[in-house]
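# Survey of secondary and tertiary structure
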Amino acid sequence: MRLSTLNLRMLQRDWRAGELRLLLIALVVAVASVTSVGFFTDRIDQALHRQANELLGGDLLIVANHPIPIEHIQAAEQSGLSHTQTISFLSMVLAGERNELADIKAVSAGYPLRGQLRIAERAFAAGNITRAIPMPGTVWLDARLLNQLGLHIGDMIALGEAQFTVAWILVQEPDRSGDFFSIAPRLLMNINDVAKTQLIQVGSRVSYRLQIAGAAQAVKNFRNSVEPQLKPGERLQGIEDARPEVRSALERAQRFLGLAALVSVLLACVAVAGSARRFTLRHLDDCAIMRCLGATQGLIVRGYVGEMLWLGLVASIVGCVIGYLAQTVLADVLGSLVAADLPTPSWRPILPGLLVGMITLLGFAVPPLLALKNVPTLRVLRREIDVAEPRSLRAYALGLVLLAGLMLWQAGDIKLGLYLIAGSLAAIAFLAGVAFGLVRLLNLFRERGGLAWRFGLANIARRAGGSVVQVVALGLGIMALLLLTLVRGDLLASWQDSLPIQAPNRFIINIQPEQVQPLQAFFARHAVTTPDLYPMVRGRLVKINNRPVTPDDYQEEHAARLVEREFNLSWMTDLPSDNRVIEGRWWGSQEQRQEGFSVEEGIATTLGLKLGDTLSYSIGGTELRGTITSLRKVDWDTFRVNFFVIATPKLLRDYPTSYITSFYLPEDQLELLNSLVQTFPNLTIIDVAAIMTQVRHIIERVSLAVEYVFLFTVLAGLLVLYAAIQATQDERMHEGALLRMLGASRRQLLRGLSAEFVSLGLLAGLVAALAASLLAYILAKQVLHLAYALNPWLWLAGMLAGVVAVMLVGALGLRPILNHPPLQTLRRI
Amino acid sequence: MLHKQVIGPEGSLVLLHDINFSVMPGEAVAIVGASGSGKTTLLGLLAGLDTPSQGRVLLDGQDLFALDEDGRARLRGSMIGFVFQTFQLLPSLTALENVMLPLELNERQPTRAVRETARAVLEQVGLGERLYHYPKQLSGGEQQRVAIARAFAAQPKLLLADEPTGNLDQATGERIIDLLFDLNRAQATTLLLVTHDEALSQRCNRRLRLVAGKLVAASADAVYQDTLPSSVKNNS
């Protein structure tokens, strides 16, 4: 008989006997968890890569913090490229008594060069594609802004000093990502209308873009000619690095979700190992007989390994299909945060899925099977002859190494990967230690209970090793869910409670110098505590210690971005009350006339700055230089205005300045905002509470996605539990039959088994709650610097979840035990 | 007449037929026969672990098979003790807990009283110092003594012993048998002993010989009449 036929025959026979079900399900769970994340992130990747030029709005972009120089536009024209311009800034939009912060984009004819605009007459309708842009005097609002302002098409709005008619509802805009990265809803206007709004003033944060499109070679030539001529404040953005903030965040999300999925794989491997071990033990006699009948060791190995490979292939395919279906949930929860429509997934994630299936199989199912080749033929006569089982860790070494390799690959960074592996091992060791301690402790109580408890606890104690594995496996999944639900809520609430009662809830930017006193008078008139107004000058860091500095000097992304963008500098005479000097000295009255900087400690660490270093900033074409005379610690949680870099008055006083402030507006005085915007139309008022609500909303959505992935972990944990129950099935059936023979009713038997399962569930829940509480405490105290109180619901929820999970799984394994006729036991003896 | 047949791959297979006998209270009866003669099947029917194809088993006047499975289990717990060749102790329970088991399953006494009874019986079989040892910590003979203690702890009316010395060396086996018969006499329990050992069977009042599922002439050997309890002699 051909080997493949033999393998399939064996697979068929063992499947019919029910020997392979758990193995298959565990493999399917492992592959499905990885591919669900894989398919989802593939859709996001496609949205970014294949639609990159749509996200860019062209083939190439020049982004600047000042109007695009005419020579760039001329160069584009000379290259035969299409071009269009946009100007983006935040501003308040007034509609009657209502006002909202909006993300304003002014566009020129021809926009967008890539992708499409969609407009509609009704909010949230599908809309129609248009090649037009807003006519002068009109604006297009997205549905969110329309709704917030209570507007309809044809209504008027005020933007700065000008009035506009709402012409259409903007449904789709190609170069804008979803809710995730948008601080405010969108208003689209004609670029020629910007001047009449008078919104762009000194200190305004405005982004100017020149979008280019054309033949690939022409774009490339243009890029090569323009790049050396870019001035400070200008940069190029191509398709390969479109929307870096989106890519960066999504890469992190991808990595995290992938690692979360790997926890399921780890537990599935434990279930596979347990199930394979049971399979091996039940086939010892078969192999002895086969050897007796002439089978070689090699044939036995090839037979069983081949059978497993076929099973692995089937399981991996089924897992990929389930993963494909499962990713739709992730796309529903998270997809809209990034883009309106995600493309369908490609086939790429299937290969990693198959790889995970094979690693799980080869690493954890095959090692115990290899023992079958060593079954002595004499076993046919002497059943008591045992086969040496593979020593645990050595046999699974290959599987563990491959699993570690998977983690490193998923982490995308060796250092991070090694930390994760070490962290995972430490976490498992901790959980196992706690579980072992609890199992031993439980055994001390067994005398105090009735027969059922005694029997249940005795079983847990006798199978201590197996009990610990079950408790840790289920505990891991429950812990993850507790962290993502209850602990998340606790930490957010704790942070909220830590804020001062009247912490500032509004920021105002773009205040012009001549508006300072009128604004202070305005607050005084309306009986709102007049806030401090701080001067702000925008400058780019160009040298440190007289050596030019560029983003390329820093490997860390955050540091590179800090150097690339402009700083918000300020000058002050007095140290702000929520700042504390930790090195050096704040300037006295004499030193204020000198040139010095005070730098926040975090940014100093990021950029490698220290006391005594010289910083040079470029402001409006001129360079200003000063020495770091102090480092400060800032309490950012006060929601007051603070600055990374503060200069002495002498350094910055003479530069073009705008002002910024933050203040607390009581809920019953919201109409003040309308009056404020009407009096000072150029001011941008940022609602901190609204941003916090949006951030909270995003955190909730992301948490939901991660919880969904961790459901696979819980499922895998339940499989480990089931594998352990199955492994002891024969023993339990024998014990059950013996008890029935001694006079136990089914109900008494059921009570004993239930006592065991309830205890296991309670242990798993306790371990999960303990680990979650500890992690929460560490996060709160060490990372977030918050107060944290133990949450009793964490313990209750953990234990309840544990008991429900174990009872569900236990119920599946109970029936054969309860129904096993005692006579069969009598025959066996 | 007790009759048991099963349907096999080649048709009907008769395991027991025309079985008809009674056992007096306090009697010790040996069931002997070659392998495959039906001893285990008969034992199973007498304990209510299996159902006959025909016939009844009356235990203390109670028709065993008029009860459901739980009813038979309760009856076993209150009336029957078992001693097996392979001891059949629950490995996760200590010696004391194993002996307490049948009493606890009866749910008639509080746990403290049950514990005391179990302790006393274990002392009676010479294991007073091994109460908290697990079966794997005991020798074969000690495990069988625990099993005997368990069997007698509930003061059963009937004791079923299936090759109780089969897994023991001769010396230990003899001590076990002595213990078994001593306790049996002390409690006036009815004993049904399945054995291959002809010498052992001679210690019983009566022998029932099974050949191919059928009882051959069941005779009370006159030599053993004197060993019957007087209550039994008077009633027979």
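Since we're looking at a predicted model, the values are computed, not measured.

Reading the values: rules and limits
- Residues numbered from 1 in each chain as written.
- Chains lettered and ligands numbered in written order.
- Predicted model: local features only at pLDDT ≥ 70, side-chain atom pairs only at ≥ 80, totals over all residues.
- Heavy atoms only, no water.
- Salt bridge = Lys/Arg side-chain N within 4 Å of Asp/Glu carboxyl O.
- Helix = DSSP H or I, 4+ residues; strand = E, 2+ residues; numbered from the N terminus.
- Buried < 20%, exposed > 50% of the residue type's maximum accessible area, 1.4 Å probe, protein only.
- Pairing = 2+ DSSP bridges.
- Contact = heavy atoms within 4.5 Å.
- Axes fitted to C-alpha atoms, helices over the stretch in contact; angles between N-to-C directions.
- Phe/Tyr/Trp six-rings, centres within 6.5 Å; stacked < 30°, edge-to-face > 60°.
- Lys NZ or Arg CZ within 6 Å of the ring centre and 35° of its normal.
- Buried area = accessible area lost by both parts, 1.4 Å probe.
- pLDDT = per-residue confidence, 0-100.

## Regarding the pattern of salt bridges
Residues and elements named next belong to chain A. Applying the stated rule across the entire model yields 34 salt bridges over all chains. With a shortest N-O distance of 2.9 Å, Glu173 and Arg186 are connected by a salt bridge. With Glu173 in the loop between strand S8 (162-172) and strand S9 (186-190) and Arg186 in strand S9, this pair connects stretches of sequence that are 13 residues apart. For Glu173, a relative accessible area of 8% puts it in the buried group. Given the relative accessible area of 5%, Arg186 is considered buried. Measuring nitrogen to oxygen at the nearest pair gives 2.9 Å for the salt bridge that ties Glu731 to Arg463. One end of the pair, Glu731, is in helix H24 (residues 729-741); the other, Arg463, is in the loop between helix H16 (451-462) and helix H17 (464-498), with 268 residues separating them in the sequence. Within this structure, Arg462, Arg463, Glu731, Arg732, Glu735 and Glu756 form a network of salt bridges that share partners.

## Examining the sheet that holds strand S8 (residues 190-194) of chain B
Where strands meet in a sheet, backbone hydrogen bonds hold them as pairs that are either parallel or antiparallel. Residues and elements named next belong to chain B. Strands sit in the order S6-S7-S8-S3-S9-S10 across an open sheet of six strands; the sheet is mixed. Each end of this open sheet is capped by a strand with a single partner; those strands are strand S6 (80-83) and strand S10 (214-215). By the bridge criterion, four bridges tie strand S3 (residues 28-33) to S8 in an arrangement that is parallel. The residue of S8 that forms the bridge with Ala30 is Leu193. Helix H1 (residues 39-46) contacts S3, S6, strand S7 (158-162), S8 and strand S9 (206-211) of the sheet and is inclined by roughly 145° relative to S3. In this fold helix H2 (residues 69-79) packs onto S6 and S7, with an angle of close to 75° to the strand it touches most, S6.

## Concerning the packing of aromatic side chains
For any pair of aromatic rings, geometry is given as the distance between the ring centres together with the angle between the planes. As enumerated under the stated definition, the model contains twelve aromatic pairs over all chains in all. Aromatic pair Tyr708(A) and Phe712(A): ring centres 6.2 Å apart, planes at 75°, arrangement edge-to-face. Taken together, the residues Tyr708(A) and Phe712(A), both in helix H23 (residues 688-727) and four residues apart, mark about one turn of the helix. Just as Tyr708(A) is buried, Phe712(A) falls in that class too. These aromatic residues form a ring-pair network of at least three members: Phe522(A), Phe523(A), Phe663(A) and Phe680(A). Here the basic side chain of Arg21(A) rests over the ring of Trp15(A), its NZ or CZ set 5.5 Å away from the ring centre. Its guanidinium or amino end placed over the ring of Phe181(B), Arg203(B) lies 4.9 Å from that ring's centre, counting from NZ or CZ.

## Remarks on the interface of chain B and chain A
Much of the literature gives interface size as the accessible area that the parts lose upon coming together. Each partner contributes residues to the interface: chain B has 32 residues there, and chain A has 26 residues. On the chain B side of the contact with chain A, Leu49(B), Gln88(B) and Leu105(B) bury the most area, a combined 20% of that side's loss. Here chain B is connected to chain A by three salt bridges. A salt bridge links Glu104(B) to Arg454(A), with the nearest nitrogen and oxygen atoms 2.3 Å apart.

## A look at the pairing of strand S21 (residues 658-663) of chain A
All names here are of chain A. A large share of S21 lies buried, amounting to six of its six residues. By the bridge criterion, four bridges tie strand S12 (residues 506-511) to S21 in an arrangement that is antiparallel. Within the sheet, the bridge partner assigned to Phe507 lies in S21 and is Ser662. Where strand S13 (residues 534-544) lies against S21, three bridges are found, and the strand directions are antiparallel. In the strand pairing of S21, Met536 is matched with Ser658.

## Observations concerning the confidence of the model for chain B
Residue and element names in this part refer to chain B. Summing up the model confidence of chain B, the mean pLDDT is 84 and the portion of residues at 70 or higher is 92%. Within chain B, helix H8 (residues 230-235) has the poorest average pLDDT of any element, 44, and helix H5 (residues 140-153) the best, 93. Scored as a whole, the predicted complex attains pTM 0.75, and scored at its interfaces, ipTM 0.75.

## A look at the environment of Leu131(B)
Residue and element names in this part refer to chain B. Here Leu131 shows up in the loop between helix H4 (111-124) and H5. Judged by its relative accessible area of 6%, Leu131 is buried. Between the C-alpha atoms of Leu131 and Ala118, which are 13 residues apart in sequence, the distance is 9.3 Å. Residues within four places of Leu131 in sequence aside, it is in contact with Thr94, Ala95, Leu96, Arg119 and Leu122.

## What about unusual backbone geometry?
The omega torsion across Tyr111(A) and Pro112(A) is -10°, close enough to zero to call that bond cis. Position of Pro112(A) relative to the elements: it lies in the loop between strand S3 (98-107) and strand S4 (117-120). A positive phi is found at Asn546(A), a non-glycine position, where the angle reads about 65°. Examined against the element boundaries, Asn546(A) turns out to sit in the loop between S13 and strand S14 (547-548). Of note, Asp60(B) is a non-glycine position whose phi angle comes to about 55°, a positive value. Look at Asp60(B) and you get exposed, because its relative accessible area is 57%.

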